Amino acid sequence: MDESTVKRLMRSLNCVLCGKEYKGAEIKIMGHNGDTWFIKVLCHHCNSESLVAAVVKEGLDPEVITDLDQSEFARFQDKEPVQGDDVLDMHKFLKGFKGDFSSLFSRLDEQTPKRKPRKRIPRET
Ligand SMILES: [Zn+2]
């Protein structure tokens, strides 16, 4: 796999923040370790910069690496991508948030079961 192929694959993806295609985005290959590529992308639509780790194998669809389990994956895979408004809502929430994060998260920790280690979910073919 060469850098130009990885860049071409990246351009076919959508920005995680604004949802628009990375077509025309500034894509910089930071390096790779075997099949795992580290890529910096500057979206021209929303000006966000993302660091992406992608597993790219010759002749195979890119593999999804996630810490979601099968049921969570099924629940979220058809959901709309996060939109600019969602980010804005979170920004407003955090701006007005006067609470204590460590107590908030420790409370959540007691309610939710411990996360399993991240695993790979094969793509449906
Ligand atoms: Zn964007």
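Just above sits the structure.
Everything quoted here is computed from the prediction, not taken from an experiment.

Looking only at helices and strands, one finds four helices and five strands in the protein. Sequence-ordered secondary structure for the protein, helices as α and strands as β, is α-β-β-β-β-α-α-α-β. For the protein, the proportion of its 125 residues judged to be buried stands at 6%. Counted over contacts in the protein with a minimum sequence separation of 6, partners at least 24 positions apart contribute 45%.

This paragraph deals with the pairing of strand S3 (residues 49-55). Side-chain positions along a regular strand alternate between the two faces of the sheet. Pairing of strand S2 (residues 36-42) with S3, which is carried by seven bridges, proceeds in the antiparallel orientation. Residue pairing across strands places tryptophan 37 opposite alanine 54, the latter belonging to S3. Here S2 folds back onto S3, and the loop between the two strands holds six residues, one of which, asparagine 47, carries a positive phi near 65°.

Read from one edge to the other, the open sheet built from three strands follows the order S1-S2-S3, with strand pairing classed as antiparallel. Each edge of the open sheet is held by one strand with a lone partner, namely strand S1 (26-33) and S3. Averaged over all adjacent pairs, the angle separating strand axes in this sheet is 20°, with direction ignored. Its contacts with the sheet place helix H1 (residues 3-11) against S1 and S2, and it is angled at close to 125° to S1.

The rules behind each value
Residues numbered from 1 in each chain as written. Predicted model: local features only at pLDDT ≥ 70, side-chain atom pairs only at ≥ 80, totals over all residues. Helix = DSSP H or I, 4+ residues; strand = E, 2+ residues; numbered from the N terminus. Buried ≥ 20, exposed ≤ 12 C-beta atoms within 10 Å, placed from the backbone. Contact = placed C-beta atoms within 7 Å. Pairing = 2+ DSSP bridges. Axes fitted to C-alpha atoms, helices over the stretch in contact; angles between N-to-C directions.

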